[in-house]
Amino acid sequence: VQLVESGGGLVQPGGSLRLSCAASGFTFSNYDMRWYRQAPGKGREMVATITWAGLTINYADSVKGRFTISRDNGKNTVYLQMNSLKPEDTAVYYCYTSYRGSWGQGTQVTVSS
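Counting restarts for each chain, with residues numbered from 1 along the sequence as it is written. Totals for whole chains, interfaces and linings use all residues, but because this is a predicted model, local features are given only for residues with pLDDT of at least 70 and pairs of side-chain atoms are given and counted only at 80 or more. Hydrogens and water are ignored here; the side-chain numbers use all heavy atoms of the structure.

Visitor: Where do I start with the overall build of the protein chain in this structure?
Guide: When helices and strands are tallied, the protein chain shows 0 helices and 11 strands. For 113 residues, the compact-globule estimate of 2.2 N^0.38 gives 13 Å, and the C-alpha radius of gyration of the protein chain, at 13 Å, lies within 12% of that figure. When the backbone C-alpha atoms are referred to their principal axes, the protein chain occupies close to 40 × 25 × 25 Å. Of all 113 residues assigned to the protein chain, the portion counted as buried reaches 41%. In this description, contact between two residues means that some pair of their heavy atoms is separated by no more than 4.5 Å. Taking as baseline every contact in the protein chain between residues at least 6 positions apart, the subset at least 24 positions apart corresponds to 52%. A run of DSSP states H or I qualifies as a helix once it reaches four residues; a run of E qualifies as a strand once it reaches two. Both are numbered from the N-terminal end. For the radius of gyration, the atoms used are the C-alpha atoms, and the globule rule reads 2.2 Å times the number of residues raised to 0.38. Partly exposed residues are those whose accessible area sits between 20% and 50% of the maximum for their type, while under 20% is buried and over 50% is exposed, using a 1.4 Å probe and protein chains only.

Spelled out as structure tokens, the structure:
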């Protein structure tokens, strides 16, 4: 199982980023996917979840209305579109699959002026 996140970086407050997580080693279309984040000195927090067919989506209250999770089962990829970014969104963002409880290596998102 391999999950590879990309798309992180440094962005100013109010800006946008799109994270991607490319999956391999399992049947991607059969499994729910999630994005988590971990800020410095804090525990890992669930950001967004999407079921295998994309029919059920949930968000943390802190990102509702600003972040959008989506998936492309043909490309074995899950995305996180992040808009109206705030400094408190600064964290390492991780991709997670319910297949064997597997994690990606994370991608750093820094929101700062």
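Now that the structure has been shown, we can carry on.
Visitor: Honestly, unusual backbone geometry in this entry has me stumped. Any pointers?
Guide: Generally, phi is negative for residues other than glycine and the peptide bonds are trans, each holding for most cases. Positive phi, close to 55 degrees, is recorded for Asn 76, a residue that is not glycine. Considering the arrangement of structural elements, one finds Asn 76 in the loop between strand E7 (67-72) and strand E8 (77-82). A positive phi angle is found at Ser 84, which is not glycine, with a value near 50 degrees. Relative to the assigned elements, Ser 84 resides in the loop between E8 and strand E9 (91-97). The partly exposed category is assigned to Ser 84, whose relative accessible area is 41%.

Visitor: In this structure, what is going on with the sheet that holds strand E1 (residues 2-6)? I would like to understand it.
Guide: Two strands in a sheet stick together by hydrogen bonds in their backbones, pointing the same way (parallel) or opposite ways (antiparallel). Spatial strand order, E1-E3-E8-E7: 4 strands in an open sheet with antiparallel pairing. Of all the strands in the sheet, just E1 and E7 have a single pairing partner and so form its edges. Taken pair by pair, the neighbouring strands of this sheet meet at an average axis angle of 15 degrees, ignoring direction. The pairing criterion is simple: DSSP has to find at least two bridges between the two strands. Judged from the 6 bridges that link them, strand E3 (residues 17-24) and E8 form a sheet pairing that is antiparallel. The residue of E8 that forms the bridge with Leu 19 is Leu 80. Axes here mean lines fitted to C-alpha atoms, for a helix over just the part in contact, with angles spanning 0 to 180 degrees between N-to-C directions.

Visitor: Is there a simple way to think about the packing of aromatic side chains in this case?
Guide: The description of an aromatic ring pair uses the distance of the two centres, along with the angle that the planes make with each other. Note on aromatic pairs: the rings of Phe, Tyr and Trp (six-membered ring only in Trp) are paired at centre separations within 6.5 Å, and the planes decide the class, stacked below 30 degrees, edge-to-face beyond 60, tilted for the rest. For the structure shown, the criterion picks out 8 aromatic pairs. Arranged with centres 5.3 Å apart and planes meeting at 5 degrees, the rings of Phe 26 and Tyr 99 form a pair that is stacked. Of the two residues, Phe 26 is situated in the loop between E3 and strand E4 (33-38) and Tyr 99 in the loop between E9 and strand E10 (102-103); the sequence distance between them amounts to 73 residues. Phe 26 gets classed as buried once you look at its relative accessible area, which sits at 11%. Their ring planes at 70 degrees and their centres at 5.1 Å tell us that Tyr 31 and Tyr 99 sit as a pair that is edge-to-face. Of this pair, Tyr 31 sits in the loop between E3 and E4 while Tyr 99 sits in the loop between E9 and E10, placing them 68 residues apart in sequence.

Visitor: Honestly, the state of the cysteines in this entry has me stumped. Any pointers?
Guide: The term disulfide refers to a covalent linkage connecting the sulfur atoms of a pair of cysteines. The criterion for a disulfide is a pair of cysteine sulfur atoms lying within 2.5 Å. One pass over the full model with this rule turns up 1 disulfide. Paired by a disulfide, Cys 21 and Cys 95 hold their sulfur atoms 2.1 Å apart. Its torsion about the S-S bond being -80 degrees, the disulfide of Cys 21 and Cys 95 is classed as left-handed. On the criterion of sequence distance, the pair formed by Cys 21 in strand E3 and Cys 95 in strand E9 is long-range, its members being 74 residues apart.

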